[in-house]
Amino acid sequence: MPFERDFDSAELLRDSRNDDGSLWAQIWRKDGAYILLFPGVAEFLINAQLDEVVFVWTDPSQADVGILLVEGTVLAMVAALRGDCLLHASAVELPDGRALVIAGPSGAGKSTLATLLAIAGCRLIADDAVALRVRPHGQVTVSSGIQAARLRESAWDLAALMEGADRAKSVDDRVVLTTNPQRAGTFEVAAIWIPQPEHDVEGVLISHLNPIEAFREILPNLRVLLDDATYHKVVFRQVADLVGQVPVCVATVCWGPPWHEQTISQLRTIASGL
């Protein structure tokens, strides 16, 4: 059964709709706790201490979708409320032990570029949602997350290049590539890349953005957005500090299929030199 709840004194913080106007999700706050509603799928209750999540499937046949929501939206929500800067992003560990974050909207090529970097010798730290800890005038770090790349059909050919990876099919028709789990922990962020796939370029071109350009690129890719003025001030400050401390670049990459060895080789060289 769904949670017993009284929304008379609750605040609606987010109302997300599908293209046809139907309700996809709502986020409510009441007495310091948060309720996430996904009609026809599941409901989640995050307690005020942000250390417990209770859920119920409103449709048990949609449990696989609910698990994706837990791994993505729900855990991202908890991390954001705890003070992390959550991005739509993937992250890989560079040869020197630091991290490269790849940020962008859905379909921009984040997981694909992370997979290309993994083939080039990097290690996947997280996919889809990345939690950054931004300390003003200090180090920016990323926490390890789900270490499996979820690839759209256009990038399925990369699975053959990922030696030793386990392959599975997700509920949303993506190929999931999982390698041996890497060390958990936090990594200093060396740079953030915004992927720009192109079919008519050679190799990889890295273009640095100034802080204003970087702010405009990063802000739309926050993983958690709430209609709350206090929250807005916090995340605006986080993004401003982030782009002031970490280089943000547009990575124009020769896109496949076919995937060219020249691209992978150049990514290997760039990753080693960051």
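This text goes with the structure placed above it.
Residues numbered from 1 in each chain as written. Predicted model: local features only at pLDDT ≥ 70, side-chain atom pairs only at ≥ 80, totals over all residues. Heavy atoms only, no water.

Chemist: What is the right way to read empty space enclosed by the protein from this model?
Modeler: Overall, the coordinates contain one cavity of 30 Å³ or more when judged by the stated rule. Estimated volume of the largest cavity: approximately 40 Å³. Around the largest cavity sit Ala-80, Asp-84, Cys-85, Leu-86, Leu-222, Val-224, Tyr-231, Val-235 and Gln-238, which together line it. If you list the elements that add at least two residues to the lining of the largest cavity, you get strand S6 (85–93) and helix H4 (229–245). Among the elements that line the lining of the largest cavity, the one with the most residues is H4, at three residues. (1 Å grid on protein atoms, 1.4 Å probe; cavity = no way out; pocket = protein on both sides within 12 Å on 5 of 7 lines; lining within 4 Å. Points joined across faces, edges and corners; volume = space filled by probe spheres on them. Helix = DSSP H or I, 4+ residues; strand = E, 2+ residues; numbered from the N terminus.)

Chemist: Just to check I follow, could you spell out the pattern of salt bridges for this structure?
Modeler: Side-chain pairs of opposite charge can arise whenever the charged atoms involved come near each other. Throughout the structure, instances matching the rule amount to seven salt bridges. Here Glu-11 makes a salt bridge to Arg-29, at a shortest N to O gap of 3.1 Å. In this pair, Glu-11 is assigned in strand S1 (residues 11–17) and Arg-29 in strand S2 (residues 23–30), connecting sequence segments 18 residues apart. Linking Arg-17 and Asp-15 is a salt bridge whose minimum nitrogen-to-oxygen distance equals 2.8 Å. Owing to a relative accessible area of 48%, Arg-17 belongs among the partly exposed residues under this scheme. One network of salt bridges, in which partners are shared, links Glu-11, Arg-29 and Asp-228. (Salt bridge = Lys/Arg side-chain N within 4 Å of Asp/Glu carboxyl O. Buried < 20%, exposed > 50% of the residue type's maximum accessible area, 1.4 Å probe, protein only.)

Chemist: How do you make sense of the sheet that holds strand S5 (residues 53–57) when you look at a structure like this?
Modeler: Adjacent strands of a sheet pair through backbone hydrogen bonds, lying either parallel or antiparallel. Here five strands make up an open sheet; going across it, the order is S1-S2-S3-S4-S5 and the pairing antiparallel. At either end of the open sheet lies a strand with only one pairing partner, and these are S1 and S5. Averaged over all pairs of adjacent strands, the angle between their axes in this sheet comes to 10°, without regard to strand direction. The sheet contact formed by strand S4 (residues 42–46) and S5 spans five bridges and is antiparallel. Along S5, the bridge assignment pairs Ala-42 with Trp-57. (Pairing = 2+ DSSP bridges. Axes fitted to C-alpha atoms, helices over the stretch in contact; angles between N-to-C directions.)

Chemist: What's the story with the pairing of strand S3 (residues 33–38) in this structure? I'm lost.
Modeler: Along any regular strand the residues' side chains alternate between the sheet's two faces. For S3, the buried fraction is high: six of the six residues fall into the buried class. Going residue by residue along S3, you find Ala-33, Ile-35 and Leu-37 tucked away on one face and Tyr-34, Leu-36 and Phe-38 tucked away on the opposite face as well. Where S2 meets S3, five bridges bridge the pair, whose relative direction is antiparallel. Residue pairing in the sheet places Arg-29 in a bridge with Tyr-34 of S3. The turn joining S2 and S3, which pair antiparallel and follow one another in sequence, is formed by two residues; a positive phi near 55° is taken by Asp-31. Sheet topology places S3 next to S4; five bridges connect them, and they run antiparallel. The partner of Leu-36 across the bridge, within S4, is Phe-44. Between the antiparallel neighbours S3 and S4 lie three residues, among them Gly-40 with a positive phi of about 80°.

Chemist: For this particular structure, what's the right way to read the environment of Leu-68?
Modeler: Checked against the element boundaries, Leu-68 lands in helix H1 (residues 63–81). For Leu-68, a relative accessible area of 26% puts it in the partly exposed group. Along the chain, Leu-68 and Asp-172 lie 104 residues apart, while their C-alpha atoms are 9.3 Å from each other.

Just distances and angles here, no functional claims.
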